[in-house]
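Listed below, chain by chain, are the residues.
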Amino acid sequence: MNAITQPILLDEAEIVELRKEVGRDSLMGRTISAHVDDLEAFMQLGYDVPGHGEAGGYEHNRHKQNYTYMNLAGRLFLITEEKKYADFVTELLEQYADKYLTFDYHVQKNTNPTGRLFHQILNEHVWLMYTSLAYSCVASTLSEEQRQRFIDRIFDPMLEMFTVKYAHDFDRIHNHGIWAVAAVGICGLAVGRKEYLEKSVFGLDNDGTGGFLAQISQLFAPSGYYMEGPYYHRYAIRPTCVFAEVLNRHMPELDIFNYKDGVIGNTVQALLSTAYPNGDFPALNDASRTMGITDMGVQVAVSQYAKHYGLDDNLIGMAKIQNRVWMHSCGLELSRAFEKAENVGMPFWPSVELNEGPNGDKGAQGFVRMQDKNKDVFQLVMNYGQHGMGHGHFDTLGITYFNRGQEVLREYGFGRWVNVEPKFGGRYLDENKSYARQTIAHNAVTMDETCQNYFDVERADNVHGKPHFFSADNAVLKGMSAFANDHYDNTEMQRSVFMLQTDELEAPLLIDLYRINAEGEHQYDLAQQYEGQIVRTNFEYTSAEELETLGDKHGYDHLWDVARGTVENTALVSWLQGNNYYTWLGASSNDSDEVIFTRSGANDPSFNLRSEPSFILRSKGESTLFASVLETHGYFNEEFEQSVDARGKVQSINVIGFNDEGSVVEVLTEKTRIIVLVSNEQGADENATHNVTIKDKTYSWSGYFAVEQETL
């Protein structure tokens, strides 16, 4: 296999079609124009190939910029025929050829192996993939001597480093692994080393235990969900899609887009279907709170899906939010479809349960969506899947909730300042483990002030949630339920959450039943992470005169104990977030509870944590059922000094009773009595009949759950 002198990802006919888009007011035309502007601005800075530096410092970022703009310049050279873009790539390659082998392995050690350019080999994989693509675009302009020089002094040393020196890391089933195989395979193709392409597809031993096919078979569940969560999914999706496009062109016998029942398409669909209505991803596991579908990797994925799996209104709506496409023939397909579409609306993905594990039997993630009368999308997310490997958080049965364009019950995400060099080089901070990953930092129940699985990653990786039911076909009542029976010793947990639309309420009502079955008496803390200003409560509370921490470990040591109040029946906490009011009402099956208001930031001398509020409903007892509702209501406009319906219509929530067969809860509004009945039996099906007797009264229903409404 000789070194190619043609671009790996585009043929001449595709380049001609892309060239027609230059200067047009289409998605592709605007994408090309934006890339030209960005590249021209970067070229004005001059060339620089620096040595080593901090993980988030200048040197690190400059190497990232170099590979990013080489990749763009290579394709822009093909599309615009501007030789200066090819010259830019060539000159940077010349400088890397001069310097790369003079760099020792990085002085700044990390938990991952080091490279010659970056503190972790992952970044070097990314550099190689982008740079190999750029090289293939300009190879025809180079002399044979130049090509051989770049191969000898850059590409061959990298290929050997990745597959020999770090062979133990190459076949690891992980987002790092998928970057490794994509980089090595694309580089091998570019420099005429077929054996590296085959290693990347089938593994170092050529037996299928590693390589790209193993990665996409094991990383993604049959549903397409990626176990580390959407933030890392969008990072893994780019090499997945780019390498799939390469293999489709250069190893067509693999039929890669149909491999394993179309896993590439399934995983793109799964990633998109996790997004909130505004395009942001829920910050499940270690994650940025600001990552969304405008990420470049997701742009590649949406464009590729459009070409190889087909178009629909949601995909075109995604393109509207992105306002860009992949500068590739796949992106051109999407751009032309968008241009022909009329009245493009925002995407509305249906509710979906995404199973986890290579065989789909390791729990799931549930995404329930409902629209109110004004077409605003309410989205409820519950985690009842796997831990998420090294980036997992300890919050099985945790939930998040989104409506009115904002996250209401919130995820903290990761404890990290990406690429902010003074903040530990932009890497994960110690507080990521001591707070962000702890159960108390999530909207879940913490038992005895200890983290789920006692913060033991190995233990957590060997257990998972167990789906009970997922029901999203009814327009006015949708819900899901799951068990987590292995996450605390001798303890079973079940959470059932619903959205209910009634004529009386202006917005769907969130109903939440969290049941814990344990031996002996324990302390249970149901935490609610919110944002905004407290408006009112229905109980007296005492503010702390001197702030103390809520506890001494498992995240409690990072929470200030701000105020406390005792409640005997329903606790009510109402707050204002943006232009909307939210009223939460909660109760437990025990005689008396306590509400604790907290704020993060204790024991944080470097101010690494964000200062965010939460409140906790604390209950002590044996087996316990928490029942709560969250009502969205009213409107506030500070500019015009308007406030409407600042008090909600829900009056109380009461736990009627529960046992191993079922739970019964009563919700009272101004005009309606709502009875919620939920099956607690593992293994029960949708046809099961339930009879629960509580205080000499029997409640009967069929199926997993029932909701009965009575006008008062």
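Bear in mind the structure is a predicted one, so any value in this text is a computation, not a measurement. (Residues numbered from 1 in each chain as written. Predicted model: local features only at pLDDT ≥ 70, side-chain atom pairs only at ≥ 80, totals over all residues. Heavy atoms only, no water.)

### What to know about empty space enclosed by the protein
The following threshold applies: The rule is simple: put a 1 Å grid over the protein atoms alone, call a set of points where a 1.4 Å probe fits but cannot get out a cavity, call an open set with protein on both sides within 12 Å along at least five of seven lines a pocket, and count a residue as lining if it has an atom within 4 Å of a point. Grid points are joined across faces, edges and corners, and a volume is the space filled by probe spheres set on the points. By the criteria applied, helices consist of DSSP H or I runs no shorter than four residues and strands consist of E runs no shorter than two, each listed in order from the N terminus. Each residue gets one of three labels, nonpolar for Ala, Val, Leu, Ile, Met, Phe, Trp, Tyr, Cys and Pro, charged for Asp, Glu, Lys and Arg, and polar for the others, Gly among them.
Considering all chains together, one arrives at 6 cavities of 30 Å³ or more under this definition. Size it by volume and the largest cavity reaches roughly 130 Å³. Lining the largest cavity are 14 residues, and of these L9, N71, R75, L133 and W326 sit closest to its centre. Elements with a contribution of two residues or more to the lining of the largest cavity: α3 (58-80), α5 (121-138) and α11 (230-250). Broken down by element, the lining of the largest cavity gets its largest block of residues, 5 residues, from α5. Grouping the constituent residues of the lining of the largest cavity by class yields 10 nonpolar, 2 polar and 2 charged.

### Some thoughts on the UniProt feature "domain: Heparinase II/III-like C-terminal" (unreviewed entry) in the protein
Selection criterion: UniProt positions are given in the numbering used here, feature names are shortened, and annotations may be inferred rather than shown by experiment.
The residues that UniProt annotates with the feature "domain: Heparinase II/III-like C-terminal" (unreviewed entry) are residues 366-622. Secondary structure content for residues 366-622 is 5% helix and 48% strand, and the end C-alpha separation is 29 Å.

### Description of the nonpolar core
Test applied: Only buried residues count toward a nonpolar core, which is a set of Ala, Val, Leu, Ile, Met, Phe, Trp, Tyr and Cys residues joined through side-chain atoms within 4.5 Å. Relative accessibility decides the category of a residue: with a 1.4 Å probe and only protein chains considered, values under 20% of the type maximum give buried, values over 50% give exposed, and everything between is partly exposed. Contacts are assigned to residue pairs that have any heavy atoms within 4.5 Å of one another.
F155 and F212 are the most contacted members of the largest nonpolar core, which has 128 residues in total. Ranked by residue count, the leading element in this core is α5, at 12 residues. Those residues in contact with F155, other than ones at most four positions away along the chain, are L93, L128, T131, S132, Y135, F150, C187 and V191. Residues F378, L409, M493 and L617 belong to the second largest nonpolar core, which totals 44 residues.

### Regarding the sheet that holds strand β18 (residues 613-621)
Within a sheet, each strand pairs with its neighbour through backbone hydrogen bonds, oriented either parallel or antiparallel. Rules: For two strands to count as paired, DSSP must find a minimum of two bridges between them. Note on definitions: angles span 0 to 180 degrees between N-to-C directions of axes, and those axes are lines fitted to C-alpha atoms, for helices only across the stretch in contact.
Ordered by their spatial adjacency, 6 strands build an open sheet running β6-β11-β18-β17-β14-β13, and the pairing between neighbours is antiparallel. Each end of this open sheet is capped by a strand with a single partner; those strands are β6 (445-447) and β13 (542-549). Within this sheet the neighbouring strands show an average axis-to-axis angle of 30 degrees, counted without direction. Pairing of strand β11 (residues 522-529) with β18 involves 8 bridges; the strand directions are antiparallel. Directly across from Q529, in β18, lies its bridge partner S614.

### Notes on the packing of aromatic side chains
Cut-off, in case you're wondering: Whether two aromatic rings pair depends on their centres lying within 6.5 Å, for rings of Phe, Tyr and Trp, where Trp uses its six-membered ring; planes under 30 degrees apart make the pair stacked, over 60 edge-to-face, and the rest tilted.
Tallied over the full model, the rule gives 33 aromatic pairs. Their ring planes at 15 degrees and their centres at 4.4 Å tell us that F42 and Y69 sit as a pair that is stacked. Here F42 is found in helix α2 (residues 27-43), whereas its partner Y69 is found in helix α3, with 27 residues between them in sequence. Accessibility expressed as a relative area gives 17% for Y69, which makes it buried. Relative to W179, the ring of Y130 has its centre 6.3 Å away and its plane inclined at 55 degrees; by these criteria the two rings are tilted.

### A word on the pairing of strand β9 (residues 491-500)
Along β9, 9 of the 10 residues are buried, which leaves the element largely enclosed by surrounding structure. By the bridge criterion, 8 bridges tie strand β8 (residues 477-484) to β9 in an arrangement that is antiparallel. By the bridge assignment for β9, A482 is matched with R495.

### A closer look at the pattern of salt bridges
As a reminder of what qualifies: When a carboxyl oxygen of Asp or Glu lies within 4 Å of a side-chain nitrogen of Lys or Arg, that pair is called a salt bridge.
Under the counting rule described, the total for this entry stands at 33 salt bridges. Among the ionic pairs, R234 bridges to D295, the shortest N-O distance being 3.5 Å. Separated by 61 residues along the polypeptide, R234 in helix α11 and D295 in the loop between α12 (259-273) and α13 (296-308) bring together distant segments of the chain. Residue D295 is classed as buried on the basis of its relative accessible area of 16%. With a shortest N-O distance of 2.8 Å, D561 and R564 are connected by a salt bridge. Residue class for R564 comes out partly exposed when judged on its relative accessible area of 26%. Sharing partners across several salt bridges, the network here consists of E14, E245, R249 and K307.

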